[in-house]
Amino acid sequence: MGKKRPGSSEDVEAAWAVEAPPQQLESWVAWLVPTFAVASVVAFAYTMYVNDCPTLHTHPSDCVFPALGRFAFEPLKVNHLLGPNYYTLDRLGALDYKKVVEEGEGWRLLACTWLHAGVVHLLANMLSLLFIGVRLEQEFGFVKIGILYILSGFGGSLLSCLSIRTNISVGASGALFGLLGAILSELIINWTIYANKCAALLTLVVVISINLAVGMIPHVDSSAHIGGFITGFLLGFILLIRPQFGWINRKHIPPGYDMQLGKPKHKVYQYLLWIIALVLLIIG
């Protein structure tokens, strides 16, 4: 028996068995997502260096911002997004159906996610990545979010390669939509721990709908968005599952706590969603 409180017949250890201290969610420092953003910026700078606009035109002044030298942008009639030309992107790893399927250059399925068509394209994607990805990495850690980002980009590239056979495609949009899809599946599989469930779901659906609508604009690779979203949605059920409210980690159990009063780590529906998502992901 443990020590008794003054003026009370209750055992201190028995009192602990009634209510255990709540656990604090672990928070990570986000470094991988900012690193991805920096890597994309560096890749774009290298793309412009390789492109070397002044040497490709009879009049170097035709380039946009010719003072930048070989980092100058192609004329707007060539690339309205302020970036390199088609051939430079294709040379450095843009997604090309013929080269991937017929020539076996599978590395393009990942390489294309680090390339961007122009400054406008790069800024839009990187701002979205930092806005969405940093919070996810802080909550779930760099390993899970890193896997989610890479595989979502790969999934987006796969669907894009099957859908677009007459043009090239570049950008991190598939990976970004994978993060959005993962946020939605995380909300669904961890439904019981959210306080304002309907408000959170409605807000997320609106954000996702707006982003998908943007993908319908001409010259935007909507197939990469859809492929990345589906991949991230399924991965979210697998990677972002949380313990149910009331579960206590054995490392934080106080002395004398009755284990029969504890809850299982996950609910049945969480296990079912995890299994279904894993099967669908493998099949896909």
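Residues numbered from 1 in each chain as written. Predicted model: local features only at pLDDT ≥ 70, side-chain atom pairs only at ≥ 80, totals over all residues. Heavy atoms only, no water.

**Student:** If you had to explain the overall build of the protein to someone new, which residues and values would you point to?
**Tutor:** Per the secondary structure count, the protein includes 12 helices and 2 strands. Each helix and strand of the protein, placed in order from N terminus to C terminus, yields the pattern α-α-α-α-β-α-α-α-α-β-α-α-α-α. Considering only residue pairs separated by 6 or more positions, the protein has 71% of its internal contacts joining residues 24 or more positions apart. Surface exposure of the protein reaches about 16000 Å², of which carbon and sulfur atoms provide 67%. (Helix = DSSP H or I, 4+ residues; strand = E, 2+ residues; numbered from the N terminus. Contact = heavy atoms within 4.5 Å. Areas by Shrake-Rupley, 256 points an atom, 1.4 Å probe, with all protein chains shown as cover.)

**Student:** Give a detailed account of the nonpolar core, specifying residues and quantitative values.
**Tutor:** The biggest cluster of nonpolar side chains holds 39 residues, and the ones touching the most others in it are Leu-129, Leu-136, Ile-145, Leu-148, Tyr-149, Leu-179 and Leu-240. Taken together, the elements giving at least two residues each to this core come down to helix 2 (32–51), helix 7 (119–140), helix 8 (142–163), helix 9 (173–189), helix 10 (197–214) and helix 11 (222–239). Residue contributions to this core peak at 10 residues, all from helix 9. With residues up to four places along the chain from it excluded, the contact list for Leu-136 reads Gly-141, Ile-145, Leu-179 and Ile-183. (Core = buried A, V, L, I, M, F, W, Y, C linked by side-chain atoms within 4.5 Å. Buried < 20%, exposed > 50% of the residue type's maximum accessible area, 1.4 Å probe, protein only.)

**Student:** Describe in detail the environment of Ile-230, supporting the description with residues and values.
**Tutor:** Assignment of secondary structure puts Ile-230 in helix 11. Considered as a pair, Ile-230 and Gly-174 are 56 residues apart in the sequence and their alpha carbons are 9.6 Å apart.

**Student:** Please provide a residue-by-residue account of the environment of Ser-169, values included.
**Tutor:** Take Ser-169: it is sitting in strand 2 (residues 168–169). Judged by relative accessible area, Ser-169 falls into the buried class, the value being 11%. It is 8.8 Å that separates the C-alpha atoms of Ser-169 and Ala-224, two residues lying 55 residues apart in sequence.

**Student:** Kindly report on a nonpolar patch on the surface, identifying the contributing residues and their values.
**Tutor:** Together, Trp-31, Leu-110, Phe-142, Val-143, Ile-147, Ile-150, Leu-151, Phe-154 and Leu-158 make up an exposed nonpolar region whose accessible area comes to about 720 Å². Looking at the nonpolar patch, the element that brings in the most residues is helix 8, giving 7 residues. Inspection of the secondary structure assignment puts Phe-154 in helix 8. (Patch = residues over 30% accessible without salt bridge, like charges linked within 9 Å, V, L, I, M, F, W, Y side chains within 5 Å. Salt bridge = Lys/Arg side-chain N within 4 Å of Asp/Glu carboxyl O.)

**Student:** Residue-level account of the UniProt feature "transmembrane region" (unreviewed entry) in the protein, with values.
**Tutor:** Per the UniProt record, the feature "transmembrane region" (unreviewed entry) sits at residues 28–49, 114–134, 146–165, 171–191, 198–217, 223–241 and 268–283. Here residues 268–283 is 100% helix and 0% strand, with 23 Å between the C-alpha atoms at its ends. (UniProt positions renumbered as here; feature names shortened; annotations may be inferred.)

**Student:** Describe the side chain of Thr-113, naming the residues involved and giving the relevant values.
**Tutor:** Locating Thr-113 in the fold gives a position in the loop between helix 6 (108–111) and helix 7. For Thr-113, a relative accessible area of 8% corresponds to the buried category. Here the side chain of Thr-113 touches Leu-110 through a polar contact of 2.6 Å, landing on its backbone oxygen. (Polar contact = N/O pair within 3.5 Å; in protein donor to acceptor, adjacent residues only side chain to side chain.)

**Student:** Tell me about the confidence of the model for the protein, and please be specific about residues and values.
**Tutor:** Of all residues in the protein, 79% attain a pLDDT of 70 or more, and the chain-wide mean is 82. The spread of mean pLDDT over the elements of the protein runs between helix 1 (residues 12–18), the lowest at 37, and helix 2, the highest at 96. Low pLDDT, under 50, characterises residues 1–23; the predicted model gives this stretch 27 contacts beyond four residues in sequence or across chains. (pLDDT = per-residue confidence, 0-100.)

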